[in-house]
Amino acid sequence: MKPVVKKAESKKKVFKGVSLDSLAVGEKSQVTKMNYVVGNYASPHQHPHEQCGYVISGRYTLTVGEAAYELTAGDTYAIPGGMLHSFRVLEAGEVVDVFTPPREDYL
């Protein structure tokens, strides 16, 4: 755990075909930048982590439960832990996600 992570020090990873940068990781939360390309798709899934996000760029469809939302730059979202959700990339871009607790599979 580092109090500051400089851009050059971010940990890069590919998880299920999606390029991501693991940024700040604390005891109880984690910040990750997702680098999406058209065609990336997270099929319906759930995890115990609360997930909040901020769309930097691109266009996406986020489905939470039965409701679908189109997201573009400046939009935000919050998904409770254990909630079924999916994410489809319509236009390439970047999204910052915060997970509580940290996702070990992203480290």
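Criteria and cut-off values
- Residues numbered from 1 in each chain as written.
- Predicted model: local features only at pLDDT ≥ 70, side-chain atom pairs only at ≥ 80, totals over all residues.
- Heavy atoms only, no water.
- Phe/Tyr/Trp six-rings, centres within 6.5 Å; stacked < 30°, edge-to-face > 60°.
- Buried < 20%, exposed > 50% of the residue type's maximum accessible area, 1.4 Å probe, protein only.
- 1 Å grid on protein atoms, 1.4 Å probe; cavity = no way out; pocket = protein on both sides within 12 Å on 5 of 7 lines; lining within 4 Å.
- Points joined across faces, edges and corners; volume = space filled by probe spheres on them.
- Helix = DSSP H or I, 4+ residues; strand = E, 2+ residues; numbered from the N terminus.
- Nonpolar A, V, L, I, M, F, W, Y, C, P; charged D, E, K, R; others polar.
- Core = buried A, V, L, I, M, F, W, Y, C linked by side-chain atoms within 4.5 Å.
- Contact = heavy atoms within 4.5 Å.
- Pairing = 2+ DSSP bridges.
- Axes fitted to C-alpha atoms, helices over the stretch in contact; angles between N-to-C directions.

## A look at the packing of aromatic side chains
Moving on, step 1. Taken as a whole, this structure holds 6 aromatic pairs when the rule is applied.
Moving on, step 2. Between the aromatic rings of Phe99 and Tyr106, the centroid separation amounts to 5.4 Å while the plane-to-plane angle is 85°, which identifies the pairing as edge-to-face. For the pair Phe99 and Tyr106, one class covers both residues: buried.
Moving on, step 3. An aromatic cluster of at least three residues, connected via ring pairs, comprises Tyr36, Tyr60, Tyr77 and Phe87.

## Here's the deal with the layout of surface pockets
Moving on, step 1. By volume, the largest pocket is sized at about 400 Å³.
Moving on, step 2. Listed by contribution, the elements that provide at least two residues to the lining of the largest pocket are strand S2 (18-25), strand S3 (30-36), strand S4 (41-45), strand S8 (76-79), strand S9 (85-91) and strand S10 (93-100).
Moving on, step 3. The element best represented in the lining of the largest pocket is S4, accounting for 4 residues.
Moving on, step 4. The class makeup of the residues in the lining of the largest pocket is 14 nonpolar, 7 polar and 4 charged.
Moving on, step 5. As for the second largest pocket, its lining consists of Met1, Lys2, Val5, Glu9, Lys11, Ser22, Leu23, Val25 and Leu107.

## Digging into unusual backbone geometry
Moving on, step 1. A cis amide bond links Thr100 with the next residue in sequence, Pro101, at an omega value of -5°.
Moving on, step 2. Residues other than glycine seldom take positive phi values, yet Lys16 does so here, at roughly 50°.
Moving on, step 3. Mapped onto the elements of the fold, Lys16 is located in the loop between strand S1 (11-15) and S2.

## Section: the environment of Val4
Moving on, step 1. You can see Val4 is positioned in the segment before S1.
Moving on, step 2. Between the alpha carbons of Val4 and Ala24 there is a distance of 7.0 Å; along the sequence they are 20 residues apart.

## A short note on the nonpolar core
Moving on, step 1. One finds Tyr36, Tyr60, Tyr77, Phe87 and Val95 to be the most contacted residues of the largest nonpolar core, which totals 17 residues.
Moving on, step 2. Elements with a minimum of two residues in this core: S2, S3, strand S6 (59-64), S8, S9 and S10.
Moving on, step 3. By residue number, the principal contributor to this core is S6, which donates 3 residues.
Moving on, step 4. Excluding residues within four positions of it along the chain, Tyr77 makes contact with Gln51, Cys52, Gly53, Tyr54, Val55, Leu62, Leu71, Phe87, Val95 and Asp97.

## Some points on the sheet that holds strand S5 (residues 50-55)
Moving on, step 1. Taken in spatial order, the 6 strands of this open sheet run S1-S2-S3-S10-S5-S8, and their pairing is antiparallel. Across the chains shown, the open sheet's two edge strands, defined by having one partner strand only, are S1 and S8. Pairs of neighbouring strands in the sheet enclose a mean axial angle of 25°, with direction left out of account.
Moving on, step 2. Across 5 bridges, S1 lies against S2 in antiparallel orientation. Within the sheet, the bridge partner assigned to Val14 lies in S2 and is Ser19.

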